[in-house]
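# Chain and residue survey
So you can see what is in the structure, the chains are spelled out below.
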Amino acid sequence: MSGRVEGKVAFITGAARGQGRAHAVRLAQEGADIIAIDICKPLDGVDFQMSTPADLAETVRLVEKTGRRIHAAQADVRDHDTMKAVVDEGVAEFGRLDIVIANAGIGATGALLHKMDEKTWHDTIDINLTGVWLTTKVSIPHILAGKRGGSIILTSSAGGLMAHPHIGHYIAAKHGVVGIMRTLALELGSRNIRVNSLHPTQVNTPMTIHEGTFKMFRPDLENPTIDDFAVVSQNMHLLPTPWVEPEDIANAALFLASEEGRFLTGVTLPVDAGALLK
């Protein structure tokens, strides 16, 4: 089967690498043109390497390699006006908007909630929750204007359906994404706009696979390695894998965006290797 989103246009945030890049490439392979943004710069307080302009350029190259078009720009999901301008420009160029994947987000390092500093809390909520809302806010008018319906997919986390200690700010944001999703599903269903959320476990991306994660999962070790992290991560899953790949999440997003998922809305879809059953 091919062309599952042929002729459609998708807006994807956090598209420079990782899950966002996988979404852009997978949808392009199935016929969609892409509007893409990423912040592409370091953020104060984030302990892993952020995406770069070169990363976004590589996403552009990979999408164009499929034969599809892409309108890409640097933008922060906390910046409503800039993000709106990028989406407006992309829709003017491609003529429509059908799919939204609100993927941009930051990970979390360990701290008990009552010991967490306010900046860490606010940065995570502003990016992982408010940024998702703003992504939908600048996109929905274009989908409504098309009068063809559409699919909005919000990236939550397995942590949006369960709790973990030491990352309460992240858990709160990802639970909040489910609230946004369910509300939008109710508000937009009569216009044939479907809204669902994805709930990945650990994913093999730079946001997860780095020293800060290793230390959070293995506080018993002074200098934990990826192999040390993998042992604990594997134990969280029913299936025999310590993490999933970005393409696994992209395949789930493609299903939700395509006609195969045409009657799915308000769904929390885990891609979690069975973590939510443990």
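Here's what I pulled together on the structure shown here. (Residues numbered from 1 in each chain as written. Predicted model: local features only at pLDDT ≥ 70, side-chain atom pairs only at ≥ 80, totals over all residues. Heavy atoms only, no water.)

This brings us to the overall build of the protein chain. Across its full length, the protein chain holds 8 helices and 7 strands. Taking 2.2 N^0.38 as the reference for a compact globule, 278 residues should give roughly 19 Å; the C-alpha atoms of the protein chain span a radius of gyration of 18 Å, in line with that estimate. Each principal axis of the C-alpha distribution contributes one length, and for the protein chain these read about 55 × 35 × 35 Å. Burial analysis of the protein chain (278 residues in total) assigns 52% to the buried set. Within the protein chain, residue pairs in contact and separated by at least 24 positions form 74% of the contacts whose partners lie at least 6 positions apart. Across the protein chain, the centroid of the 26 positively charged side chains sits 7 Å from that of the 32 negatively charged ones. (Helix = DSSP H or I, 4+ residues; strand = E, 2+ residues; numbered from the N terminus. Rg over C-alpha atoms; globule rule 2.2 N^0.38 Å. Buried < 20%, exposed > 50% of the residue type's maximum accessible area, 1.4 Å probe, protein only. Contact = heavy atoms within 4.5 Å. Lys, Arg positive; Asp, Glu negative; His and termini not counted. Charge placed at Lys NZ, Arg CZ, Asp CG, Glu CD.)

This next bit is on unusual backbone geometry. Of note in the backbone geometry, Asn192 takes a positive phi value of approximately 60° without being a glycine. Along the chain, Asn192 turns up in the loop between helix H5 (168–188) and strand E6 (193–200). For Ala273, which is not a glycine, the phi torsion comes out positive at approximately 55°. By the element assignment, Ala273 lies in the segment after strand E7 (268–271). The exposure class of Ala273 is buried, given its relative accessible area of 9%.

A sheet is described by the order of its strands in space; here 7 strands give the open sequence E3-E2-E1-E4-E5-E6-E7, paired in parallel fashion. Single-partner strands in this sheet number two, and they are strand E3 (70–74) and E7. Mean inter-strand twist for the sheet, computed between neighbouring axes without regard to direction, equals 15°. Strand direction decides the pairing type here: E6 and E7, joined by 4 bridges, are parallel. Bridge pairing in E7 links Ser197 to Thr268. (Pairing = 2+ DSSP bridges. Axes fitted to C-alpha atoms, helices over the stretch in contact; angles between N-to-C directions.)

We now examine the packing of helix H1 (residues 18–29) against helix H2 (residues 53–65). At a closest axis distance of 9 Å, the pairing of H1 and H2 adopts a crossing angle of 15°. On the basis of their axis angle, the class for H1 and H2 is roughly parallel. Our pair here, H1 against H2, has a crossing hand that is right-handed. Between H1 and H2, the contacting residues are Arg21, Ala24, Val25 and Ala28 on the first element and Asp55, Glu58, Thr59, Leu62 and Val63 on the second. Classifying every residue of the contact of H1 with H2 gives 5 nonpolar, 1 polar and 3 charged. (Parallel < 35°, antiparallel > 145°, perpendicular 65-115°, else oblique. Left-handed = near helix turned anticlockwise from the far one by under 90°. Nonpolar A, V, L, I, M, F, W, Y, C, P; charged D, E, K, R; others polar.)

Extensive coverage of strand E5 (residues 150–155) is indicated by the burial of 6 of its 6 residues. Burial along E5 is two-sided: Gly150, Ile152 and Leu154 and Ser151, Ile153 and Thr155, pointing in opposite directions, are all buried. Relative to E5, strand E4 (residues 99–102) runs parallel, the two being bridged by 4 bridges. Bridge assignment links Ile101 to a residue of E5, and that residue is Ile153. Handedness of the crossover joining E4 and E5 through helix H4 (residues 118–146): right-handed. With respect to chirality, the unit in which E5 leads through H5 into the neighbouring parallel E6 is right-handed. (Right-handed = clockwise from strand over helix to strand, strands pointing away.)

So, on to H4. In this model, H4 (29 residues) spans 41 Å end to end at C-alpha, consistent with the 42 Å of a helix rising 1.5 Å per residue. The largest bend along H4 reaches roughly 35° and is located at Gly131. In this structure Asp117 caps H4, since a side-chain oxygen of it lies 3.2 Å from the backbone nitrogen of Lys119. (Expected span 1.5 Å × (residues − 1). Bend = angle between axes of the 7 residues up to and from the residue. Polar contact = N/O pair within 3.5 Å; in protein donor to acceptor, adjacent residues only side chain to side chain.)

Relative to the helices and strands, Ala15 is located in the loop between strand E1 (9–13) and H1. Exposure remark for Ala15: the relative accessible area of 0% places this residue in the buried category. Separated by 10 residues in sequence, Ala15 and Val25 place their C-alpha atoms 9.5 Å apart. Discounting residues that sit within four places of it in the chain, Ala15 has contacts with Gly20, Arg21, Ala36, Ile37, Asp38, Leu56 and Thr59.

With that settled, consider the pairing of E1. Buried residues dominate E1, accounting for 5 of its 5 residues. Residues Val9, Phe11 and Thr13 point to one face of E1 and Ala10 and Ile12 to the other, with burial holding for every one of them. In the sheet, E1 pairs with strand E2 (residues 33–38) via 5 bridges, with the strands oriented parallel. Paired with Thr13 across the bridge in E2 is Ile37. Considered for its hand, the β-α-β crossover made up of E1, H1 and E2 is right-handed. Where E1 lies against E4, 3 bridges are found, and the strand directions are parallel. Bridging from a neighbouring strand, Ile12 pairs with Ile101 of E4.

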